[in-house]
Amino acid sequence: QFIMKMEDKIPTNKRQSIVRYVFLAADSLEERGIVAEDTDAKAPLIVAENKIRKGEFKDAASKCRQATECLINNLWKKVCKYTGLISVGMRDPGGKPDLSSVVDGLIKHIKSISGTEEICNELTVLKSKYNWMLLNKGTHFESDQPEFEHTDIKKLVSLLNDLDEK
């Protein structure tokens, strides 16, 4: 998880060049020693793009949801650093705010900040009923779930990449 969080801090244009090596625990090997495996980068947006190429749209939507969580948390930290607190709704005391509530709070808060119009518009598009449904459909299993439209998932990934570059 630590490595994934670090990868999310790397600028989008540099993430494609990330190569990860996984060192397997010695107790999982038949012989004593170290095995290093070359693996793909795990940054959610990169994985989502790879899943689209493979036609795995539900998995791509799920990775979009993870990417959204990363992007929104990073944006929240930046906004609070310069402009103070944002207001979010919470379901219960001691709980964490829902992602939806954080996005709503960010939209409301940054509307009044000059120069953030583009980010505000992109967050509003992300929060649209259909896009938000795609993010949620990717994370939940429903037996009567309709197929994902590849163009919709591509647009969602594109929107998240735009937000990531801000």
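Below is a short write-up of the structure. (Residues numbered from 1 in each chain as written. Predicted model: local features only at pLDDT ≥ 70, side-chain atom pairs only at ≥ 80, totals over all residues. Heavy atoms only, no water.)

## What about the overall build of the chain?
For the record, the criterion: Labels follow the DSSP assignment, with helices taken as runs of H or I lasting at least four residues and strands as runs of E lasting at least two, numbered in each case from the N terminus. A simple rule labels every residue: compare its accessible area, found with a 1.4 Å probe on the protein chains alone, to the largest value its type can have, and call it buried under 20%, exposed over 50%, or partly exposed in between. Reported accessibility uses the Shrake-Rupley method at a 1.4 Å probe radius. Residues are deemed covered only where the shown protein chains occlude them.
A count of helices and strands for the chain gives eight helices and two strands. Along the chain, helices and strands appear, N-terminal first, in the series α-α-β-β-α-α-α-α-α-α. Within the chain, the proportion of its 166 residues that are buried is 37%. On the chain, roughly 10,800 Å² of surface is accessible, and the fraction owed to carbon and sulfur atoms is 53%.

## Digging into the packing of helix α5 (residues 99-110) against helix α6 (residues 117-126)
Between two packed helices, what matters for the description is the angle formed by their axes and the separation of those axes. Applicable threshold: Each axis is a line fitted through C-alpha atoms, and for a helix only the stretch in contact is used; angles between axes span 0 to 180 degrees, taken between their N-to-C directions. Here is the rule for angles: anything less than 35 degrees is roughly parallel, anything more than 145 is roughly antiparallel, 65 through 115 is roughly perpendicular, and the remaining ranges are oblique. For any pair of crossing helices, the crossing counts as left-handed if the nearer helix is rotated counterclockwise from the farther one by less than a right angle, and right-handed if it is rotated clockwise. Between two residues, a contact is recorded if the distance between any of their heavy atoms is within 4.5 Å. All residues other than Ala, Val, Leu, Ile, Met, Phe, Trp, Tyr, Cys, Pro, Asp, Glu, Lys and Arg, Gly among them, are scored as polar; the first ten of these are nonpolar and the last four charged.
α6 packs onto α5 with a crossing angle of 150° between their chain directions and a minimal axis gap of 10 Å. Compared by their axis directions, α5 and α6 come out roughly antiparallel. For the pair α5 and α6, the sense of crossing is left-handed. In contact with Val103, Leu106, Ile107 and Ile110 of α5, α6 contributes Ile119, Cys120, Leu123 and Thr124. Each residue belonging to the contact of α5 with α6 can be placed in one class, and the counts come to seven nonpolar, one polar and no charged.

## Quick notes on the packing of aromatic side chains
Describing an aromatic ring pair means giving the distance of the ring centres and the angle of the ring planes. Heads up, the rule is: Centres within 6.5 Å are what make two rings of Phe, Tyr or Trp a pair, Trp counting through its six-membered ring; a difference in plane orientation under 30 degrees is then read as stacked, over 60 as edge-to-face, and the rest as tilted. Sitting over a ring, as applied to charges here, requires NZ of Lys or CZ of Arg to be within 6 Å of the ring centre and within 35 degrees of the ring normal.
All told, the structure shown has zero aromatic pairs when counted by the stated rule. Sitting over the face of the ring of Trp132, Lys127 holds its NZ or CZ atom 5.5 Å from the ring centroid.

## Concerning the nonpolar core
Definition in use: Each nonpolar core is a collection of buried residues, namely Ala, Val, Leu, Ile, Met, Phe, Trp, Tyr and Cys, held together in the definition by side-chain atoms within 4.5 Å.
Of all hydrophobic cores here, the largest spans 32 residues; its most connected members are Leu106, Leu123, Leu126, Ile153 and Leu160. Elements with a contribution of two residues or more to this core: α3 (44-53), α4 (57-83), α5, α6, α7 (129-139) and α8 (150-164). In this structure, Leu126 is in contact with Thr68, Asn131, Trp132, Leu135, Leu156, Leu159, Leu160 and Leu163, ignoring residues within four places of it in sequence.

## Overview of the pattern of salt bridges
Going by this rule: For this document, the term salt bridge refers to a Lys or Arg side-chain nitrogen within 4 Å of an Asp or Glu carboxyl oxygen.
Applying the stated criterion across every chain, the model contains five salt bridges. Taking the shortest distance from any N to any O, the salt bridge between Lys51 and Asp59 comes out at 4.0 Å. Note that Lys127 is salt-bridged to Asp104, the shortest N-O span being 2.9 Å. Of this pair, Lys127 sits in the loop between α6 and α7 while Asp104 sits in helix α5; the two residues are 23 residues apart in sequence, bridging distant segments of the chain.

## Observations regarding α3
Residue pairs spaced three or four apart in an α-helix point in one direction, given the helix's 3.6 residues per turn. Across the ten residues that make up α3, a large majority, seven, are buried. Once α3 ends, the next one or two residues include Gly55, with phi positive near 80°.

## Structural notes on the environment of Ala43
Secondary-structure assignment places Ala43 in the loop between β2 (36-39) and α3. Along the primary structure Ala43 and Ala67 are separated by 24 residues, whereas in three dimensions their C-alpha atoms are 7.8 Å apart.

## A closer look at α4
As a reminder, the rule being used: One less than the number of residues in a helix, times 1.5 Å, gives the span that helix is expected to have.
Taking 1.5 Å per residue, 27 residues should reach 39 Å; α4 reaches 37 Å between its end C-alpha atoms and fits that length. Count one or two residues on from α4 and you reach Gly84, which has phi positive near 90°.

## A word on the packing of α3 against α8
The geometry of α3 relative to α8 is characterised by a closest axis approach of 11 Å and an angle of 160° between their N-to-C directions. Considering the angle they form, α3 stands roughly antiparallel to α8. In the packing of α3 onto α8, the handedness of the crossing is left-handed. Contacts between α3 and α8 pair Leu45, Ala48, Glu49 and Ile52 from the former with Ile153, Lys154, Val157, Leu160, Asn161 and Asp164 from the latter. Along the lines of polarity and charge, the residues of the contact of α3 with α8 split into six nonpolar, one polar and three charged.

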